[in-house]
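Overview (structure and organization)
So the chains spell out like this:
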Amino acid sequence: MIILMLFECSVSAQLKNLPVTVHIEYEFDTGSNYPRPNYWYGGGIDAFERVLKACPDTNFLAHAPGFWSHISGDDQFEKIPYPTGKVEPGGRIIELLDSCPNLYCDISAGSGCNALKRDPAFAKDFLVRYQDRIVYGRDFFDNLHQEFLNSLGLPEQALTKIYSGNALKLVPLDA
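Predicted, not measured: the structure shown is a model, and the values here were computed from it.

Before going further, it helps to spend a moment on the packing of helix H2 (residues 45-54) against helix H4 (residues 92-99). H4 packs onto H2 with a crossing angle of 5 degrees between their chain directions and a minimal axis gap of 11 Å. Relative to H4, H2 is oriented roughly parallel. Where H2 abuts H4, its residues Ile45, Asp46, Glu49, Leu52 and Lys53 lie against Arg92, Leu96 and Ser99.

On to the nonpolar core, then. In this structure, Phe48, Phe67, Trp68, Leu103, Phe126 and Leu127 are the most contacted members of the largest nonpolar core, which totals 36 residues. Setting aside chain neighbours within four positions, we find Phe48 in contact with Val22, Ile24, Phe60, Ala62, Phe67 and Leu103.

Tallied over the entire structure, the rule returns seven aromatic pairs. Measuring from centroid to centroid gives 6.1 Å for Phe48 and Phe60, while their planes differ by 85 degrees, and the two rings are edge-to-face. One end of the pair, Phe48, is in helix H2; the other, Phe60, is in strand S2 (residues 60-63), with 12 residues separating them in the sequence. Take Phe60: its relative accessible area is 0%, and that puts it in the buried class. Relative to Phe126, the ring of Trp68 has its centre 6.2 Å away and its plane inclined at 75 degrees; by these criteria the two rings are edge-to-face. Residue Trp68 is found in helix H3 (residues 65-68), and its partner Phe126 is found in helix H6 (residues 120-129); the two are separated by 58 residues along the sequence. Overall, the relative accessible area of 2% leaves Phe126 in the buried class. One aromatic cluster is present, built from ring pairs that chain together Phe48, Phe60, Phe67, Trp68, Phe122, Phe126 and Tyr130.

Take Ser108: it is sitting in the loop between strand S3 (103-106) and helix H5 (109-117). Excluding anything up to four places from it in sequence, Ser108 contacts His63, Gly137, Arg138, Asp139 and His145.

Turning our eyes to something else, we now look at the pairing of strand S1 (residues 20-23). Of the two faces of S1, only one is covered, namely that formed by Val20 and Val22; the face formed by Thr21 and His23 stays uncovered. With four bridges connecting them, S1 and S2 associate as parallel partners. Its bridge partner lying in S2, Val20 is registered against Phe60.

Counted by the stated rule, this structure contains one cavity of 30 Å³ or more. Of the pockets and cavities examined, the largest cavity occupies roughly 40 Å³. In terms of lining residues, the largest cavity is bounded by Pro65, Trp68, Ser69, Pro81, Tyr82, Pro83, Ser111, Asn114, Ala115 and Arg118. In terms of residues, the lining of the largest cavity owes the most to one element, H5, which gives three residues. Looking at the lining of the largest cavity residue by residue, the classes come out as six nonpolar, three polar and one charged.

Moving on, we come to the pairing of S3. In S3, alternate side chains face the same way, and those of Leu103 and Cys105 on one face and Tyr104 and Asp106 on the other are all buried. Sheet topology places S2 next to S3; three bridges connect them, and they run parallel. Bridge pairing in S3 places Leu61 opposite Tyr104. Alignment of S3 against strand S4 (residues 134-135), held across two bridges, turns out to be parallel. Residue pairing across strands places Asp106 opposite Val135, the latter belonging to S4.

Parameters at a glance
Numbering of residues starts from 1 in each chain and follows the order in which that chain's sequence is written. Only residues with pLDDT of at least 70 are given local features in this predicted model, and only at 80 or more are side-chain atom pairs given and counted; all residues enter the totals for whole chains, interfaces and linings. Computation of side-chain values: all heavy atoms of the structure, hydrogens and water removed. Helix axes are fitted only over the stretch in contact, all axes being lines through C-alpha atoms; the angle between N-to-C directions runs from 0 to 180 degrees. We count a stretch as a helix when DSSP gives it H or I for four or more residues in a row; a strand needs E for two or more, and each element gets its number in order from the N terminus. Oblique is the label for any angle not covered by the other classes, which are roughly parallel (under 35 degrees), roughly antiparallel (over 145) and roughly perpendicular (65 to 115). Contacts between residues were defined by any pair of non-hydrogen atoms, one from each residue, lying within 4.5 Å. What makes a nonpolar core is a set of buried Ala, Val, Leu, Ile, Met, Phe, Trp, Tyr and Cys residues whose side-chain atoms join them at distances within 4.5 Å. A 1.4 Å probe rolled over the protein chains alone gives each residue an accessible area, and that area as a share of the maximum for its type sets the label: buried under 20%, exposed over 50%, partly exposed in between. Side-chain rings of Phe, Tyr and Trp, where Trp is taken by its six-membered ring, are said to pair if the distance between their centres is within 6.5 Å; with planes under 30 degrees apart they count as stacked, over 60 as edge-to-face, and otherwise as tilted. Pairing between two strands is assigned when DSSP locates at least 2 bridges connecting them. The definitions used throughout rest on a 1 Å grid laid over the protein atoms alone, on which a cavity is an enclosed set of points accommodating a 1.4 Å probe that cannot get out and a pocket is an open set flanked by protein within 12 Å on both sides along at least five of seven lines; lining residues are those having an atom within 4 Å of a point. Grid points are joined across faces, edges and corners, and a volume is the space filled by probe spheres set on the points. Asp, Glu, Lys and Arg are counted as charged, while Ala, Val, Leu, Ile, Met, Phe, Trp, Tyr, Cys and Pro are counted as nonpolar; the rest, among them Gly, fall into the polar class.

Nothing here speaks to function; it is all geometry.
Structural data, given as structure tokens:
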């Protein structure tokens, strides 16, 4: 069902030359109403991979805790919404970026910042390697994301792409 809905959405987005934003989240009993109990978010990373491959001409912008928890090859994605500790090899995000050129990553909100901050050395390599597919977004009123990015000593060209270039590539202002 999710693949059919996203396929239909991607066809419409492709015709309008727009990316599709995908929010991936797993349900955890946090004692609060968020994530909402009994609210289905459309599946996990495996369902998203099928959509990426079924719609190769549509760009997808992925974000949220369920997406960013897959930056590491550990199994924390199924245990807590905001994993901690060093990033271990084998993260699904890396696999998907390497195999699906239509995947872009939105680093906004706590999930994107948390994924990068858990291992700054990894984050710097990740951001340089995938600088053409990372999009800076603001989902908070603070400046934590920008302060962290600026602290990494990234090349100016990578920062420019992350801060604005990739967003403009996905949604050109002259379109």
